[in-house]
Structures are given as C-alpha cells and as structure tokens.
Amino acid sequence: MQKIYMAGVGGMLGEAFYKVFNEKYLLKCTDIDVNEKWLSHLDFRVEGDYREDVMKFNPDFLFHIGAYTDLEYCELNEKDTYLTNTKSVEYAVNIANELNIPLLYISTAGIFDGKKDVYDETDQPKPIGHYGRSKYLGEVYVKNNCRDFIICRAGWMMGSGANKDKKFIQKLIKQITDGASELNVVNDKLGTPTYTHDFANNVKLLIEKAEYGLFNMVCQGLTGRLEVAKELVSLLGLKDSVKVNEVTSEFFSKEYFAERPECERLINKRLDDLGLNIMRDWRVALKDYLDQYYSKLVK
C-alpha cells in the first residue's frame, strides 16, 4: 500500500481528500487545527518540524493542501499570508525533492486578473491581491524547482458541510437556515464552482495514471454567483419562499473590501486533452453536495 503525507488537511478540501484516498492508501494527515480523529498536529510553516514529520513517515507522495483563502485576512496580514501560502510551499518542494517523490500543490483561479472570459493552462496569471500573489508565487516555485509535481487549480470551492465549508454555498445556506426570506447576491462575479469530492477524485485519477504538471480542475459549466444562488434555492425547493436579489459588488464593499477578479472561469483543457476530466457539471455536483451534507434541508 502506497503512503501519502497530507499537510494542512483540516479544512473543507482536506476532508474530501481523506475520504477519497483513505481506502487505498496509507495516510498521514496533519494540520495546525486538529479537528478530526484522523489528524495529528503540524504547523507546516515551521520547516524543521515539517521536514522531520514527513521524513519519519517516508511517503510515496507529499500533498501540500493548506492555505489561507480568506481574501480580507490576506490583505490585512501580508506577512502571515506569504509565510503560510508561499514560504511553506518552498519547504514542501525541498522535502519532496530530498525524498525523490512527487508533490501535489493546490492553486486557485484567483491568480488571474479577471479580464478574460475564460482561462486555460496556457494563460499568463496576473494576480491582483495578496491572496492571488501568494498562491501564484507558490506555483512558480513548484514549477521551477520540484522534480515531479502536480499543480491543480481549483475554482469556487464547495464541500464538507456546515462544520468546515466557509465559502459561498454555506454562507447562503446559513442565511436561509437563520430565516432569511431574501438573499442579496452579486451579479458581476463569474466563475466555476468546484466540488471538493470531485476535485479529490480527479487528483486520484492523475496519481493513478502518473500524469504530472499543471491542471485546471473545476466543475464543468460556466456560471456566476447569481446563477449559482438561484440554482441553490431551486434545489432546496425554496423558489417560492426565498427571493434572490441582484446587487453589484459595491453592495458588499465594506465587508468584502479585498479586490476580486470579475471573472475566474477556468477550463480544464489539459484534463480534456488527456481524456482524464471526470469533473461533473456544477449543477450535478451541487445537487450531490446538498444530498450528501444537507439532506434535511432539501424538500
């Protein structure tokens, strides 16, 4: 049984990785927040501790998953952001090279400036904030220094349910469960949802096929925040009781003050070219997510 060391897997994506890989691989899963029985404590920003723990496990793969993804936090905490999102990636590359094993690094659609309608792997990133810059610098370091790597760019993440999902879908669901009869949703942000379980399953396929390099990895179908919100309300059977109001990003400018790309739509070109794109349409994935984690809400 092959062994995988997963660093920074206490969040929503880590939960999916654990569930998808646990049956066929021997895992060592770590995070600074030990919130599951299958996690042990590690702060991967401490290079010596990171190296020692990975070396002791002697894995066949190193997955570097964790990062700060809250854009407002990243803008207000620049030093911590680059230590967590960039410098720790350098540590991971050095460890993987020393063990001569492949490294998985998770990147983001947020590395683009949003001026194009869609982005594939040939487009040049132009990040516009500390979050995007910190993640793109991680990409660059991996590509330039790691012997064998997989870089997977995710879009608007959804998964893991109320306990760990801190993103768009859970924020809307919380408003609904708190009794909101109206949702204010921006009509000027475009992107591609990414279901954590689909993402982890597609990474697993790449591992099994020994395919390396850079991959966009998002659900299929181009959409925007407004359409996703309307689909969510419809799937919950609440079209007649919850109204979705269109607003611009200016409506939330005080709460979400960090600049965001207008368009973060990715196309999985490399996965398609290799015949390895198993990411489902975002509507199908969203329904599956609700059925799996919010079944009591679905009418």
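Residues numbered from 1 in each chain as written. Predicted model: local features only at pLDDT ≥ 70, side-chain atom pairs only at ≥ 80, totals over all residues. Heavy atoms only, no water.

As for the packing of helix H2 (residues 47-57) against helix H4 (residues 78-99)
Close contact between H2 and H4 brings their axes to 10 Å; oriented N to C, the two are set at 35 degrees. Note on packing geometry: the crossing formed by H2 with H4 is right-handed. Facing H2, whose interface residues are Glu47, Tyr50, Arg51, Val54 and Met55, H4 presents Ser88, Tyr91, Ala92, Asn94, Ile95, Glu98 and Leu99. A breakdown of the residues in the contact of H2 with H4 according to their chemical character gives seven nonpolar, two polar and three charged. (Axes fitted to C-alpha atoms, helices over the stretch in contact; angles between N-to-C directions. Helix = DSSP H or I, 4+ residues; strand = E, 2+ residues; numbered from the N terminus. Left-handed = near helix turned anticlockwise from the far one by under 90°. Contact = heavy atoms within 4.5 Å. Nonpolar A, V, L, I, M, F, W, Y, C, P; charged D, E, K, R; others polar.)

Here's the deal with H2
Structurally, the α-helix is built with 3.6 residues per turn, so residues lying three or four positions apart point the same way. Taken together, the buried positions of H2 are occupied by Tyr50, Asp53, Val54 and Phe57. In an axial view of H2, the angular spread of the buried residues amounts to 95 degrees, which keeps them on one side of the axis. Where H2 is buried, its residues touch strand E1 (3-7), strand E2 (26-31), strand E4 (61-64) and H4. Positive backbone phi, at 55 degrees, marks Asn58, one or two positions downstream of H2. (Buried < 20%, exposed > 50% of the residue type's maximum accessible area, 1.4 Å probe, protein only. Arc of directions from axis to C-beta.)

Quick look at the pairing of strand E5 (residues 103-108)
Here E5 lies mainly inside the structure; six of its six residues are buried. Neither face of E5 is exposed, since Leu103, Tyr105 and Ser107 on one face and Leu104, Ile106 and Thr108 on the opposite face are all buried. For E4 and E5, the ladder comprises three bridges, and the chain directions are parallel. Counted as the bridge partner of His64 is Tyr105 from E5. (Pairing = 2+ DSSP bridges.)

Let's talk about helix H10 (residues 282-293)
Over its twelve residues, H10 runs 16 Å from end to end, which matches the ideal 16 Å to within 8%, given 1.5 Å per residue. Restricting attention to buried positions, one finds in H10 the residues Trp282, Ala285, Leu286, Tyr289 and Leu290. In an axial view of H10, the angular spread of the buried residues amounts to 135 degrees, which keeps them on one side of the axis. Looking at the buried residues of H10, the elements they touch are strand E7 (156-158), helix H6 (168-177), strand E10 (193-195), helix H7 (196-209), strand E12 (223-224) and helix H8 (225-235). By the N-cap criterion, in which a side-chain oxygen at the helix start approaches the backbone nitrogen of a residue two or three places on, H10 is capped by Asp281, the distance to Arg283 being 2.9 Å. (Expected span 1.5 Å × (residues − 1). Polar contact = N/O pair within 3.5 Å; in protein donor to acceptor, adjacent residues only side chain to side chain.)

A look at the pattern of salt bridges
For the coordinates displayed, the defined rule picks out 20 salt bridges. For Asp43, the salt bridge is made with Arg45, and the minimal N-O distance between the two is 2.9 Å. Take Arg45: its relative accessible area is 18%, and that puts it in the buried class. With a shortest N-O distance of 2.3 Å, Arg51 and Glu98 are connected by a salt bridge. Of the two residues, Arg51 sits in helix H2 while Glu98 sits in helix H4, which places them 47 residues apart along the sequence. Residue Arg51 is classed as partly exposed on the basis of its relative accessible area of 36%. (Salt bridge = Lys/Arg side-chain N within 4 Å of Asp/Glu carboxyl O.)

Description of unusual backbone geometry
Of note, the phi angle at Asn58 is positive, near 55 degrees, even though the residue is not glycine. Among the structural elements, Asn58 can be located in the loop between H2 and E4. For Asn58, a relative accessible area of 45% gives the class partly exposed.

What about a negative patch on the surface?
A cluster of acidic residues, Glu75, Glu78, Glu259 and Glu262, forms a negative patch at the surface. Position of Glu259 relative to the elements: it lies in the loop between strand E13 (243-247) and helix H9 (269-274). (Patch = residues over 30% accessible without salt bridge, like charges linked within 9 Å, V, L, I, M, F, W, Y side chains within 5 Å. Areas by Shrake-Rupley, 256 points an atom, 1.4 Å probe, with all protein chains shown as cover. Lys, Arg positive; Asp, Glu negative; His and termini not counted. Charge placed at Lys NZ, Arg CZ, Asp CG, Glu CD.)

Concerning the packing of aromatic side chains
One pass over the full model with this rule turns up 16 aromatic pairs. Look at Phe17 and Phe199: their rings are 6.2 Å apart centre to centre, the planes differ by 75 degrees, and that puts the pair in the edge-to-face class. In this pair, Phe17 is assigned in helix H1 (residues 12-21) and Phe199 in helix H7, connecting sequence segments 182 residues apart. With centroids separated by 5.3 Å and ring planes inclined at 85 degrees, the aromatic side chains of Phe21 and Phe63 adopt a geometry described as edge-to-face. (Phe/Tyr/Trp six-rings, centres within 6.5 Å; stacked < 30°, edge-to-face > 60°.)

Let's talk about the sheet that holds E1
The seven strands lie next to each other as E3-E2-E1-E4-E5-E6-E11, forming an open sheet whose pairing is parallel. The open sheet has two edge strands with one neighbour each: strand E3 (39-41) and strand E11 (213-216). The average undirected angle you get between the axes of adjacent strands in this sheet is 25 degrees. Against the sheet, H4 engages E4 and E5, with an angle of about 180 degrees to E4. The sheet contacts of H7 involve E4, E5, strand E6 (149-154) and E11, and relative to E6 the element is tilted by about 160 degrees.

Some points on the packing of H6 against H8
H8 packs onto H6 with a crossing angle of 50 degrees between their chain directions and a minimal axis gap of 11 Å. Relative to H8, the element H6 lies oblique. Crossing geometry of H6 relative to H8 is assigned as right-handed. Residues Phe168, Ile169, Leu172 and Ile173 of H6 touch H8, and the partners they reach there are Arg225, Val228, Ala229 and Leu232. Within the contact of H6 with H8, the residues separate by chemical class into seven nonpolar, no polar and one charged. (Parallel < 35°, antiparallel > 145°, perpendicular 65-115°, else oblique.)

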